[in-house]
Every structure is written in C-alpha cells, then in structure tokens.
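Residues per chain are reported as follows:
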Amino acid sequence: MKRMRVLWHIIRISGADYIFFGFLIVLGVASFLLPRLEPEFSDFGDGLWYLFVSFTTVGFGDYVATGPAGRIITVVVTLYGILVVALMTGIIVGFYTELLKARATTALDDFVKELEHLPDLSREQLLDLAERIRNRRIMPDS
C-alpha cells in the first residue's frame, strides 16, 4: 500500500494525472469523431482501434484516415500518445528512485540506532557491525 502512495504522489506532483485523463478524453472524443468524418470507419470501436494502433506506432494499416480532418485527428492523438508513453516511463523511473531512496533512508536510520545502542550489543553483533562497516554494507544481509 505504501508503494501505491509513493506512485500516486509521483503522478500527482508531475501533473501526469491531468495529462493521462486528458489523453483518455481526447482519445474518446477522437474515436467518436472519426466514424463521422471518415468513410472507412464504421463505428466507435474502429476509431478507437485505429487510434490505438496509431499512437502506439504499430500501424497495422487495416484502417487509414484519408481526409484532412481524420489525418489531423490522427496526428494530434499520436503525438499526445507518444507524450503519455514517455511520461509514464519517467514516472516509473521516479517511482523506483523514490523506493530506493526510502530503502536507503530506512537502512541508515537502522544503522544509526545500532550505533546509539553500541554498549548494549553483544560481541557477535559488534563483529557483524564492524564487518558491515568495513565492507560498506550498511544494511544487514537478509
């Protein structure tokens, strides 16, 4: 649950939630408009499939926008889709960076607590602590 909070925090501070929901709205509206503007598209599903294939840059070619309005819609949705995919990549990297920072902070806090209770540690614990410091492994092996 904590990881989901971290992920949601990264999405919120980056503004990606607005961009992602905006993309879904643009995708829905464009999928609704394409069958009305292009003769090759018979329904909403065909428009949605075509736009999905376009913004993922797969381009199967089973549907093609031939009119100027359809081509403009395709360009807008494709560029917006590429932006969303790139943004999600950055969010995933930010998410894992935050998790690694949190893990390092927790390990350092535990290490400091061990140092604060140095007189209470047994000989084995002191030897383990000395070994970890020598090897610069702050976190104990699990």
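- Looking at an unreviewed UniProt entry, the chain carries the name Ion channel, with the source organism given as Arthrobacter jinronghuae.
- According to UniProt, the comment filed for the chain under the heading Subcellular location (unreviewed entry) is "Membrane".

### Describing helix 1 (residues 2-14)
Reasoning step 1: Relative to the 18 Å expected for 13 residues at 1.5 Å per residue, helix 1 spans 18 Å between its end C-alpha atoms, a close match to the ideal helical length.
Reasoning step 2: Within the span of helix 1, buried status applies to V6, I10 and I11. Projection of helix 1 onto a plane perpendicular to its axis shows the buried side chains occupying an angular sector of 135°, all on one side. Residues of helix 1 that are exposed and point over 90 degrees away from its buried face: K2, M4 and R5.
Reasoning step 3: The inward-facing, buried residues of helix 1 contact helix 2 (16-37) and helix 4 (68-116).
Reasoning step 4: Positive backbone phi, at 80°, marks G15, one or two positions downstream of helix 1.

### Details of unusual backbone geometry
Reasoning step 1: In this structure, T57 is a non-glycine residue whose phi angle is positive, near 60°.
Reasoning step 2: Here T57 is to be found in the loop between helix 3 (44-55) and helix 4.

### Digging into the packing of helix 4 against helix 5 (residues 123-134)
Reasoning step 1: The interhelical angle for the contact between helix 4 and helix 5, taken along N-to-C directions, is 135°, at an axis separation of 12 Å. With respect to their mutual orientation, helix 4 and helix 5 come out oblique. You can see that helix 4 and helix 5 cross each other, and the crossing is left-handed. Seen from helix 4, the contacting residues are F111, E114 and L115; seen from helix 5, they are L129, R132 and I133.
Reasoning step 2: Class assignment of the residues belonging to the contact of helix 4 with helix 5 gives a composition of four nonpolar, no polar and two charged.

### Some words on the environment of A30
Reasoning step 1: Counting through the fold element by element, A30 comes out in helix 2.
Reasoning step 2: Overall, the relative accessible area of 7% leaves A30 in the buried class.
Reasoning step 3: Separated by 25 residues in sequence, A30 and F55 have C-alpha atoms that sit 12 Å apart.
Reasoning step 4: In this structure, A30 is in contact with L51, I73 and V77, ignoring residues within four places of it in sequence.

Cut-offs and rules
Residues numbered from 1 in each chain as written. Predicted model: local features only at pLDDT ≥ 70, side-chain atom pairs only at ≥ 80, totals over all residues. Heavy atoms only, no water. UniProt positions renumbered as here; feature names shortened; annotations may be inferred. Helix = DSSP H or I, 4+ residues; strand = E, 2+ residues; numbered from the N terminus. Expected span 1.5 Å × (residues − 1). Buried < 20%, exposed > 50% of the residue type's maximum accessible area, 1.4 Å probe, protein only. Arc of directions from axis to C-beta. Contact = heavy atoms within 4.5 Å. Axes fitted to C-alpha atoms, helices over the stretch in contact; angles between N-to-C directions. Parallel < 35°, antiparallel > 145°, perpendicular 65-115°, else oblique. Left-handed = near helix turned anticlockwise from the far one by under 90°. Nonpolar A, V, L, I, M, F, W, Y, C, P; charged D, E, K, R; others polar.

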